[in-house]
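# Examination of the molecular architecture
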Amino acid sequence: MTLSAALAALTTQAHIDAKTPIVAKFEYEADRLGQQSLSIAGLYVDVSKQSWSQAGFDAALGLFDIAGLNAAREKMWTGQAINVSEDRAVLHVALRDSDSENQRLRGAEIAADVKGARDAMKAYADGIRAGEIVGATGKPFRTIIHIGIGGSDLGPRLLWQALAPLKPQIDIRFVANVDGSELALATADLDPAETLVIAVSKTFTTQETLTNFLVARDWIIGALGEDAAAKHLAAVSAAPAKTSAYGIPEDRVFGFRDWVGGRYSLWSAVSLSVIIAGGYDVYERLLSGAHEMDQHFLTAPAVQNAPLLLAAAQIFNRIALDRPARAVIPYAHRLRRLAAFLQQLEMESNGKRTDGYGNLLPTKTCPIVFGDEGTNAQHAFFQMLHQSADIVPLELIAVTSNPEAPLDMQQKLLSNVIAQGEAFMVGKSLETSEVECRALGFDDAKTAIIAPQKVCPGNKPSTLVLLDALTPETLGALLALYEHKTFAEGIVMGLNSFDQWGVELGKTLATSVLKDITGPDIAPHDPSTTAAIEIVK
Ligand code: F6P
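First things first, this report covers the structure right here in the doc. Just so it is clear, the model here is predicted, and its values are computed rather than measured. (Residues numbered from 1 in each chain as written. Predicted model: local features only at pLDDT ≥ 70, side-chain atom pairs only at ≥ 80, totals over all residues. Heavy atoms only, no water.)

From N to C terminus, the protein chain includes 22 helices and 11 strands. Relative to the compact-globule value of 24 Å for 537 residues, the protein chain shows a C-alpha radius of gyration of 25 Å, a close match. If one aligns the C-alpha atoms of the protein chain with their principal axes, the spans along those axes are about 80 × 60 × 60 Å. Within the protein chain, buried positions represent 50% of all 537 residues. Sequence separation of 24 or more characterises 74% of the internal contacts of the protein chain that already satisfy a separation of 6 or more. Across the protein chain, the 46 positively charged side chains and the 62 negatively charged ones have centroids separated by 1 Å. (Helix = DSSP H or I, 4+ residues; strand = E, 2+ residues; numbered from the N terminus. Rg over C-alpha atoms; globule rule 2.2 N^0.38 Å. Buried < 20%, exposed > 50% of the residue type's maximum accessible area, 1.4 Å probe, protein only. Contact = heavy atoms within 4.5 Å. Lys, Arg positive; Asp, Glu negative; His and termini not counted. Charge placed at Lys NZ, Arg CZ, Asp CG, Glu CD.)

It is worth spelling out the sheet that holds strand β11 (residues 462–467) at this point. Read from one edge of the open sheet, 6 strands run β1-β2-β11-β10-β8-β9, paired in mixed fashion. The outermost strands of the open sheet, each flanked by one partner alone, are β1 (37–40) and β9 (368–370). In this sheet, neighbouring strand axes are inclined to one another by 15° on average, regardless of whether the strands run parallel or antiparallel. Sheet topology note: the strand β8 (residues 325–331)/strand β10 (residues 394–399) ladder contains 5 bridges and is parallel. Bridge pairing in β10 places Pro 330 opposite Ile 397. Helix-sheet contacts for helix α17 (residues 407–426) involve β8, β10 and β11, and the interaxial angle to β10 is about 160°. (Pairing = 2+ DSSP bridges. Axes fitted to C-alpha atoms, helices over the stretch in contact; angles between N-to-C directions.)

All right, on to the packing of aromatic side chains then. This structure, assessed with the given rule, holds 13 aromatic pairs. Between the aromatic rings of Phe 204 and Tyr 246, the centroid separation amounts to 5.4 Å while the plane-to-plane angle is 75°, which identifies the pairing as edge-to-face. Here the residue Phe 204 occupies a position in the loop between β5 (195–200) and α10 (207–224), and Tyr 246 occupies one in the loop between β6 (233–237) and β7 (253–255), the gap between them amounting to 42 residues. Both residues of the pair, Phe 204 and Tyr 246, count as buried. The structure contains a cluster of three or more aromatic residues connected by ring pairs, namely Trp 77, Tyr 264, Phe 297, Phe 487 and Phe 498. Looking at Arg 73, its charged tip hangs above the ring of Phe 297, at a distance of 5.0 Å from the centre. A cation over an aromatic ring shows up here: Arg 96 above the ring of Trp 267, its NZ or CZ 4.4 Å from the ring centre. (Phe/Tyr/Trp six-rings, centres within 6.5 Å; stacked < 30°, edge-to-face > 60°. Lys NZ or Arg CZ within 6 Å of the ring centre and 35° of its normal.)

Pairing is parallel in the open sheet, where 5 strands are placed in the order β4-β3-β5-β6-β7. Unpaired on one side and paired on the other, β4 (171–175) and β7 mark the two borders of the sheet. Direction aside, neighbouring strands of the sheet carry axes that sit 20° apart on average. Across 4 bridges, the pairing between β5 and β6 is parallel. Residue Ala 199 lies in a different strand from β6, and its bridge partner there is Ala 235. The strands that helix α7 (residues 108–129) touches are β5, β6 and β7; relative to β7, the one it contacts most, it runs at about 145°. Across the face of the sheet, helix α8 (residues 154–163) comes into contact with β3 (143–147) and β4 while running at roughly 145° to β4.

Take unusual backbone geometry next. The omega angle of the peptide bond from Gly 374 to Thr 375 is 10°, so this bond is cis rather than trans. The residue Phe 204 is not glycine, and still its phi comes out positive at about 55°. Unlike most non-glycine residues, Asn 459 shows phi in positive territory, near 60°. Turning to its location among the elements, Asn 459 is positioned in the loop between α19 (444–454) and β11.

What follows concerns the side chain of Asn 496. Residue placement: Asn 496 occurs in the loop between α20 (472–493) and α21 (504–518). In terms of polar contacts, Asn 496 uses its side chain to reach the side chain of Asn 83, at 2.8 Å. Among the polar contacts listed, one links the side chain of Asn 496 to the side chain of Asp 499, at a separation of 3.2 Å. Those residues in contact with Asn 496 that lie beyond four places of it in its chain are Ile 82, Asn 83, Val 84, Ser 85, Ser 349, Lys 352 and Gly 356. (Polar contact = N/O pair within 3.5 Å; in protein donor to acceptor, adjacent residues only side chain to side chain.)

Bringing a nonpolar patch on the surface into the picture now. A contiguous nonpolar surface patch, about 290 Å² in accessible area, is contributed by Val 23, Phe 26, Leu 33 and Val 426. Tracing the backbone shows Val 426 in helix α17. By relative accessible area, which is 46% here, Val 426 ends up partly exposed. (Patch = residues over 30% accessible without salt bridge, like charges linked within 9 Å, V, L, I, M, F, W, Y side chains within 5 Å. Areas by Shrake-Rupley, 256 points an atom, 1.4 Å probe, with all protein chains shown as cover. Salt bridge = Lys/Arg side-chain N within 4 Å of Asp/Glu carboxyl O.)

Okay, the packing of helix α13 (residues 280–299) against α20 next. The contact between α13 and α20 brings their axes to 7 Å, and the two run at 40°. The angle between α13 and α20 places the two elements in the oblique class. As α13 runs across α20, the sense of the crossing is right-handed. Across the interface between the two elements, Val 282, Arg 285, Leu 286, Ser 288, Gly 289, Ala 290, Met 293, Asp 294 and Phe 297 of α13 pack against Pro 472, Glu 473, Leu 475, Gly 476, Ala 477, Ala 480, Leu 481, His 484 and Phe 487 of α20. Looking at the contact of α13 with α20, its residues break down into 11 nonpolar, 4 polar and 3 charged. (Parallel < 35°, antiparallel > 145°, perpendicular 65-115°, else oblique. Left-handed = near helix turned anticlockwise from the far one by under 90°. Nonpolar A, V, L, I, M, F, W, Y, C, P; charged D, E, K, R; others polar.)

Let us look at the pattern of salt bridges. Evaluation of the coordinates by the stated rule reveals 28 salt bridges. The partner of Arg 326 in a salt bridge is Glu 395, and the shortest N-O contact between them spans 2.9 Å. With a gap of 69 residues between them, Arg 326 in strand β8 and Glu 395 in strand β10 connect regions that are remote in the sequence. Each member of the pair Arg 326 and Glu 395 is classed as buried. Between Glu 504 and Lys 507 there is a salt bridge, with the nearest N and O atoms lying 3.8 Å from each other. Pair noted here: Glu 504 and Lys 507 are both in helix α21, with a separation of 3 residues, about one helical turn. Among the residues examined, Glu 504 registers a relative accessible area of 33% and is labelled partly exposed.

Without other data, these values stay purely geometric and don't point to any function.
Written as C-alpha cells, this is what we have:
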C-alpha cells in the first residue's frame, strides 16, 4: 500500500472511531489498556484514552513501516545527510551513544570528537566546582549567566529547572530575551567577581545572544576591568572561530558540530552551564536515560514503541481528524517549561508545508503545541478544553514520587492528573447535570437553564505519561522520547524535521527595520509598518 492510500484509509477509520465514545471502547476491546500502554526507562506511557479503536491504532502504527521509518532511522544513526536542504547529518544520538559498533559505522572521527568535547567540559566543570578555576579576584564562581536563545536556551533552562538542587553551590540564571530587562534582572543582585558569563550560540551570529553577551561583558569589565574579563567569559558554539572577536579566550570555547541541530543540542556543550552547576555525573546520567530511550526506539516493535505510540496519536488527531492543537500539561513545577521546549522541538521541526525538496505536502503537519503546568492550567484554560466544541488532545505528564513533597501533596497532585484524564474521557451527561441541579434545590425552569451549561461532552482524548521520579535518567528518556516522536512524525508527513527556513524572513526584516529605527530615513513599507516605526523613532 502507498503512504497516501494508508493515510486515506486511516482517515476513514478515524472518522468511524471518533463516533464511538472512547470509554465504550474499553468494554468491547479485550485488553485495550495492555495493548496501548507500556513502561520503559522509568516512564509509563498510556495511549488507551485516545479516540482510536484497535483498528485505528493498528492503522496509525502501520504508517511508519509504509513511510520507510526503518531506513530513515538507519540513515540517521549512521550519519547520512538526512537534513537534505542543508546537506547535514543529524547525529544528536551520537552524543549519548557509546556503542562501539555504531561509532564504527559513523567513523572514528565523530567518536573522537564527542569524547574530546566531553573531556574538555568535564575538566572545566570539575575545575570550577573544586574552586581551582576561579574569577579574576580569586573568588570561586557562585553564579553562571547562561546567554542563549531557542535551542541554546530552552533545553538547558528546562534541565536546570528540573534538576537543580534546592540549594545549589553554583546557580544558573538564563538570559534569552534582548529586551534588556531579563539581563538586568539576572545581574541586579550579583557580584561580577563571582559570576561566569557563558555565551551559547550554535552559529554565533544570533543578534539577541551577541547583544546580551556584549552588555554582560561590559558589566564584568565595568566592575573588574578589561584585563580581568577573560576569566569570567566562556562560549559554546559550533562556529568557535567566530568567538575570538568577543574577547573569549580560546581555551574557554567549547565546541560542537553542525550535525547537532539547535533544538537537539541540549546533549552537547550547549548544556555546559548545567554540567558545571549540576556536576558532570548529572550530564552522564541524562545521556544514559536518553540512550535507553534511543535503544528502545531502535529496537521495539511499532506497537510497543513509546515514541511511535505518541507519534501515531498525533498523526491520528492532526492528519486524520484535523484537530489543530495539542495541550501538554506537566503536573510538576520543575517541568513548567516543558511545553515551551516542545514548542520549539515540534513546531520548528515539523511546522512546514513543503518537503525537503521543495514540493508541497499533501497533509497538514504540526499542530499548535501549548501548555502550562498542572494543576495551575486547570484553573486557567481547562474550561475551554472541557466544554468548547473543539477537541484538543492532551498529554498529561506527572511524576509519581517526589522526595521534595510531603505525601499528602503528592497524593493531591496525582489525584488531579488522573481525574482529569478520566473527566476528559467520560464527561458529564445532561442527565447527571439535571440530578445535580435538583439536588441543589433548583426548580424545573432553573434546571432547564443551568443543567445544559454543566454538561461536559467528554470523549476528549488524552495520553498519560508517568515518570517514576524526576531524575536525570528519566528526564533524558522523556526528552529523547519527544525527539524521536517528532522525527517519526516528520517521516510520515514527508518533511525534513531538521531545517527551519521559516525563521529567516523575520530576522532579515528586523535588520532592515533596525536600520529604519536607527538611521535618518525610513525605507518604504506598508502604512501600518511605517506608522509603527515612526512611533518607535
Ligand atoms: O531562529 C531560530 C534558531 O535558528 C533556532 O533554530 C536556534 O535554536 C536559535 O535560533 C538559536 O540559534 P543559535 O544557537 O545559533 O544562536
